[in-house]
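Survey of secondary and tertiary structure
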Amino acid sequence: DVKVTQSSRYLVKRTGEKVFLECVQDMDHENMFWYRQDPGLGLRLIYFSYDVKMKEKGDIPEGYSVSREKKERFSLILESASTNQTSMYLCASSYLTGGDPYEQYFGPGTRLTVT
Amino acid sequence: AQKITQTQPGMFVQEKEAVTLDCTYDTSDQSYGLFWYKQPSSGEMIFLIYQGSYDEQNATEGRYSLNFQKARKSANLVISASQLGDSAMYFCAMVRWDSSYKLIFGSGTRLLVRP
């Protein structure tokens, strides 16, 4: 069974803090993704990575950065958290080769509140 | 630009009845894929069904079927014999067939199954 884990289910941070959200997958997937989910907007792609140290901006990268030093781990960083970054954050992974590339496996999500 | 539209923010269905969740999409690509994901209250995204743009048959997975009408650019999800456990958010998504396989999501439909 593919497993995607996220470091926290719930997180409360103060405005201006640096926030790290961690995601780990155990299926040797090349692709990893960070999404943000807001009511009425669905999921929106923040950043994705198709290889170690490789990253590309998604649709809403402003205010975020990412890090992928190891294949299994993809971190989302909020350099200076703001209240408009209060949201549910979902990590996902998928194959690029060697499997069905279109099926993304999701983690349980991190509900971040910035006060 | 590619876009997914789900016009039903919320729906009710009686247990054991069938229900159709609407999804329309917009793309200029000839080759693309369409998905449905289920998100229970626990938050994880569960892959339900996939339809490729060149697939001649409508996709089916158990009680789920995808009513794919290419000319109308619609990919409606049909759930037969609804169960209480089907109560969840449902997201329609489209894959971009480039090297990253990024997904574009609709805003979601919340389905509530009544006993």
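Look up: the structure comes first, before these words.
So, here's what we can say about the structure. Note that the structure is predicted; figures quoted are calculated from it, not measured.

What counts, and at which threshold
Residues numbered from 1 in each chain as written. Chains lettered and ligands numbered in written order. Predicted model: local features only at pLDDT ≥ 70, side-chain atom pairs only at ≥ 80, totals over all residues. Heavy atoms only, no water. Pairing = 2+ DSSP bridges. Helix = DSSP H or I, 4+ residues; strand = E, 2+ residues; numbered from the N terminus. Axes fitted to C-alpha atoms, helices over the stretch in contact; angles between N-to-C directions. Contact = heavy atoms within 4.5 Å. Buried area = accessible area lost by both parts, 1.4 Å probe. Salt bridge = Lys/Arg side-chain N within 4 Å of Asp/Glu carboxyl O. Polar contact = N/O pair within 3.5 Å; in protein donor to acceptor, adjacent residues only side chain to side chain.

Brief notes about the sheet that holds strand 8 (residues 73-78) of chain A
Residues and elements named next belong to chain A. With antiparallel pairing, 4 strands are arranged side by side in an open sheet as 1-3-8-7. The sheet terminates laterally at strand 1 (4-6) and strand 7 (64-70), the two strands that pair on one side only. Along the sheet, successive strands turn relative to each other by an average axial angle of 20°, direction set aside. Sheet analysis places strand 1 next to strand 3 (residues 19-25), joined by 3 bridges and oriented antiparallel. Pairing of Val4 across the sheet is with Gln25, part of strand 3.

Quick word on the interface of chain B and chain A
Residue-level contacts link 20 residues of chain B with 21 residues of chain A. For the pair chain B and chain A, the summed buried surface comes to about 1,700 Å²; carbon and sulfur atoms form 61% of the total. Considering only the surface of chain B that becomes buried against chain A, Tyr101, Lys102 and Phe105 of chain B emerge as the three largest contributors, covering 27% of it. On inspection of chain B and its partner chain A, the count reaches 0 salt bridges. Summed over the shared surface of chain B and chain A, the number is 3 residue pairs in polar contact (both at pLDDT 80 or more). Looking at the side of chain B that touches chain A, the elements that each hand over two or more residues are strand 5 (33-39), strand 6 (46-52) and strand 11 (103-105) of chain B. Looking at the side of chain B that touches chain A element by element, the count peaks at 3 residues for strand 5 of chain B.

Points about unusual backbone geometry
If you check the backbone angles, Asp28 of chain A has positive phi at about 60° while not being a glycine. By secondary structure assignment, the location of Asp28 of chain A is in the loop between strand 3 and strand 4 (31-38). Phi at Lys73 of chain B is positive, roughly 55°, even though this residue is not glycine.

Comments concerning the side chain of Gln37 of chain A
Turning to its location among the elements, Gln37 of chain A is positioned in strand 4. Within the structure, Gln37 of chain A has its side chain in polar contact with the side chain of Gln39 of chain B (distance 2.7 Å). With residues up to four places along the chain from it excluded, the contact list for Gln37 of chain A reads Gly42, Leu43, Ser87, Met88 and Leu90 of chain A together with Gln39 and Phe91 of chain B.

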